[in-house]
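Structural characterization, general
Spelled out, the chains give:
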Amino acid sequence: MTTSRHFHQAVWRWHFYAGIFCIPFILVLAVSGAVYLFKPQLDNWQERHYIVEPQGQPRADGSQQLQAALTALPGSRFVTYRLPQSPREAVQIAVQYQGAKWLVYVDPYSLHVLDTRSDNSFISQWFKTLHGELLVGDNGAILVELAGNWAIVLVLTGLLLWWPKKWRKGVGALRFKMASTGRRFWLDFHKVVGAWLLVFILFFLISGLPWTTVWGSAFKQVRTWYAQQQVEQDWTTGPASKRKVWGAMISDTQTLPAHVLNNATALQLPYPTYLSVADHSKQEWKVDSMVQNRPKRETVWLDNEGRVLERRTFEDKARLDRIIGYAIAAHEGHLFGWFNQLLGVTTALGLIVLSISGLYMWLVRRPEGRLGAPPRTQVHDGVITGLIILAMLLPLFALSLIAIWFLERWVFKAKASA
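Since the model is a prediction, treat every value here as computed from it, not as a measurement.

Let's shift gears to the overall build of the protein chain. Looking only at helices and strands, the protein chain features twelve helices and eight strands. The burial tally for the protein chain puts 47% of its 418 residues in the buried class. Taking the intrachain contacts of the protein chain between residues at least 6 apart in sequence as the baseline, contacts between residues at least 24 apart amount to 63%. Counting only carbon and sulfur atoms, one obtains 62% of the accessible surface of the protein chain, whose full area is about 22,500 Å².

Printed below as a string of structure tokens:
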């Protein structure tokens, strides 16, 4: 067997095992990620009933609106006030109630409370939690990160299996061969879809790393060490259900000064914009745009008279934060409008097709009663080098390699000799 053959066999073996592990996770992440791309549309649809009619009534002041919200949930504490987009939109006031975040929708004219609902009652939030932690908290977040790491291995090994035979054919290597039938058709279909979407799939996998528990936390620690001070990031790491639970300081304030509310509204920051207490002792307020397109976000601090104390835009962030901000905005589907969402959906559908076609080919060729894995072959230096580089870049992947080595050397070997 030639060196090239050894290399191909080793790559195929890693591709097979990465696929066996990743496919269930890829299917879940592709579906949940595709749905979450439409968070603004989904949230607007769920809030479609919170429309008010002024009917000539004057708008109540901010303190009265806040009091109505706090009274609706006795014992609650103020978190944020979302500035309405139009006079007909109800005010959304977020409060801490019984240890959780609740949203109170108030008619700013009649002060009638239209609804109270948990922040977790949104469809988009459920899919975000599914996407980030499989609905099972810390352990789920670790599994998602591990699956993402192995998906990178899956994509790179797929590229290596496709590239040596196809690169000379140029554009022809990217065309479907519709004349093929059976397993040959699915193999060709699998390769071509993977080749077309390779760059986009890798982008989504890599741009998701800053949110992860192990890689994301390690990345922040390295940045903190390098900067010799605590680093403030526009994103948080770990399980989705624990990311920015409040997003603002929880306050005992009972008043919302008219100057503050009016001046915050006049800023016209990109929607949605939230007003919150920045420092209760100094009587300072924060106006925070949380638009999905992160490069458009702005934060403004006001004093208790509504005067601007400080203003920060996306361009004021460190260069690395801006790069990651662009990547996250594209990952969430909002960097360049509807086409970004279309691209995200297309990539998600491609991942589903790749998973199903790969699964089908395995089931067709798998010997009855056996796994049907590619046979073990001579260890190739190129494969080992690639794995070492990935292990250095992905700590959770490195830990999984150690676990695999231990199982193969001690557990499976012991069973085989028993």
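Picking up where we left off.
Attention now moves to the confidence of the model for the protein chain. Residues with a pLDDT of 70 or more make up 90% of the protein chain, whose mean pLDDT is 88. Contacts from residues 414-418, a stretch scored under 50 in pLDDT, to residues over four places away or in other chains number zero contacts.

This next bit is on the pattern of salt bridges. For the structure shown, the criterion picks out twelve salt bridges. Note that R223 and D321 form a salt bridge whose closest N and O atoms lie 2.6 Å from each other. On the criterion of sequence distance, the pair formed by R223 in helix α7 (residues 214-227) and D321 in helix α9 (residues 319-331) is long-range, its members being 98 residues apart. One salt bridge connects E310 with R312, and the closest N-O pair in it is separated by 2.7 Å. For E310, a relative accessible area of 34% gives the class partly exposed.

Turning our attention to the nonpolar core. Ranked by size, the top nonpolar core spans 39 residues in total, and within it W150, L394 and F397 carry the most contacts. When residues of this core are traced back to their parent elements, those giving at least two are α1 (3-36), α5 (138-166), α6 (182-207), α7, α9, α10 (337-365), α11 (381-393) and α12 (395-417). With eight residues, α5 is the largest single contributor of residues to this core. Other than its neighbours up to four places away in sequence, L394 contacts N149, I152, L209 and W215. Residues L83, A264, L269 and W285 belong to the second largest nonpolar core, which totals 26 residues.

Glancing now at the sheet that holds strand β2 (residues 91-97). The strand order across the open sheet formed by eight strands is β4-β3-β2-β1-β5-β6-β7-β8, and the pairing between neighbours is antiparallel. Only two strands of the sheet have a single neighbouring strand rather than two, namely β4 (113-118) and β8 (308-313). On average, each strand axis in the sheet is inclined to that of its neighbour by 25°, with strand direction left out of account. As judged from the four bridges shared by strand β6 (residues 284-289) and strand β7 (residues 298-302), these two strands associate in the antiparallel manner. Bridged to W285 within β7 is L302.

With respect to the helices and strands, H334 occurs in the loop between α9 and α10. Classification of H334 as buried rests on a relative accessible area of 14%. A polar side-chain atom of H334 sits 3.4 Å from the main-chain carbonyl oxygen of E332. Filtering out sequence-adjacent residues up to four positions away, H334 remains in contact with L37, P40, Q292, N293, A329, N340 and Q341.

In this section: α7. Taking 1.5 Å per residue as the helical rise, α7 with its 14 residues ought to reach 20 Å, and the 20 Å between its terminal C-alpha atoms agrees with that figure. Taken residue by residue, α7 has W215, G216, F219, R223 and T224 as its buried positions. Positioned one or two residues after α7, Q228 has a phi angle of 60°, which is positive.

Before going further, it helps to examine the environment of D234. Inspection of the secondary structure assignment puts D234 in the loop between α7 and α8 (258-267). When the C-alpha atoms of D234 and G325 are compared, they prove to be 7.6 Å apart, with 91 residues separating the residues in sequence.

Here the focus is the packing of aromatic side chains. The geometry of two aromatic rings is summed up by the distance between their centres and the angle between their planes. Per the stated rule, a full pass over the model turns up 16 aromatic pairs. Both rings, one in W150 and one in F397, keep their centres 4.9 Å apart while their planes meet at 70°; by these two values the pair is edge-to-face. With W150 in helix α5 and F397 in helix α12, this residue pair connects regions lying 247 residues apart in the sequence. Classification of W150 as buried rests on a relative accessible area of 7%. On the accessibility criterion, F397 (0% relative accessible area) is buried. Pairing F185 with W186 gives two aromatic rings, centres 5.4 Å apart and planes at 75°, and the pair type is edge-to-face.

Thresholds, definitions, all that
Each chain has its residues counted from 1, running along the sequence as written. Predicted model: local features are reported for residues with pLDDT of at least 70 only, side-chain atom pairs are reported and counted for 80 or more only, and whole-chain, interface and lining totals are derived from all residues. Only hydrogens and water are removed before side-chain values are computed, so all heavy atoms of the structure are retained for them. In this text, helices come from DSSP runs of H or I with a minimum length of four residues, and strands from runs of E with a minimum of two, each type numbered from the N-terminal end. Burial status follows relative accessibility: with a 1.4 Å probe on protein chains alone, a residue under 20% of its type maximum counts as buried, one over 50% as exposed, and anything between as partly exposed. Residue contacts are defined here by distance: any two heavy atoms, one from each residue, within 4.5 Å place the two residues in contact. Every accessible area reported is derived by Shrake-Rupley at a probe size of 1.4 Å, with residue values counting cover from the shown protein chains alone. Values of pLDDT, ranging from 0 to 100, describe the predictor's confidence in every residue of the model. We count a salt bridge whenever a side-chain nitrogen from Lys or Arg sits within 4 Å of a carboxyl oxygen from Asp or Glu. Within this scheme, the nonpolar core is defined by two criteria: the residues are buried Ala, Val, Leu, Ile, Met, Phe, Trp, Tyr or Cys, and they are joined through side-chain atoms within 4.5 Å. For two strands to be treated as a pair, DSSP must find no fewer than two bridges joining them. Each axis is a line fitted through C-alpha atoms, taken for helices only over the stretch in contact, and angles between the N-to-C directions span 0 to 180 degrees. A 3.5 Å cut-off defines polar contacts: any pair of N or O atoms within that distance qualifies, except that in protein one atom must be a possible hydrogen donor and the other a possible acceptor, and neighbouring residues in sequence count only when both atoms are side-chain atoms. Given the number of residues in a helix, its expected span is that number minus one, multiplied by 1.5 Å. In this scheme Phe, Tyr and Trp rings, the latter by its six-membered ring, pair at centre separations within 6.5 Å, and the angle between planes marks the pair as stacked below 30 degrees, edge-to-face above 60, and tilted otherwise.

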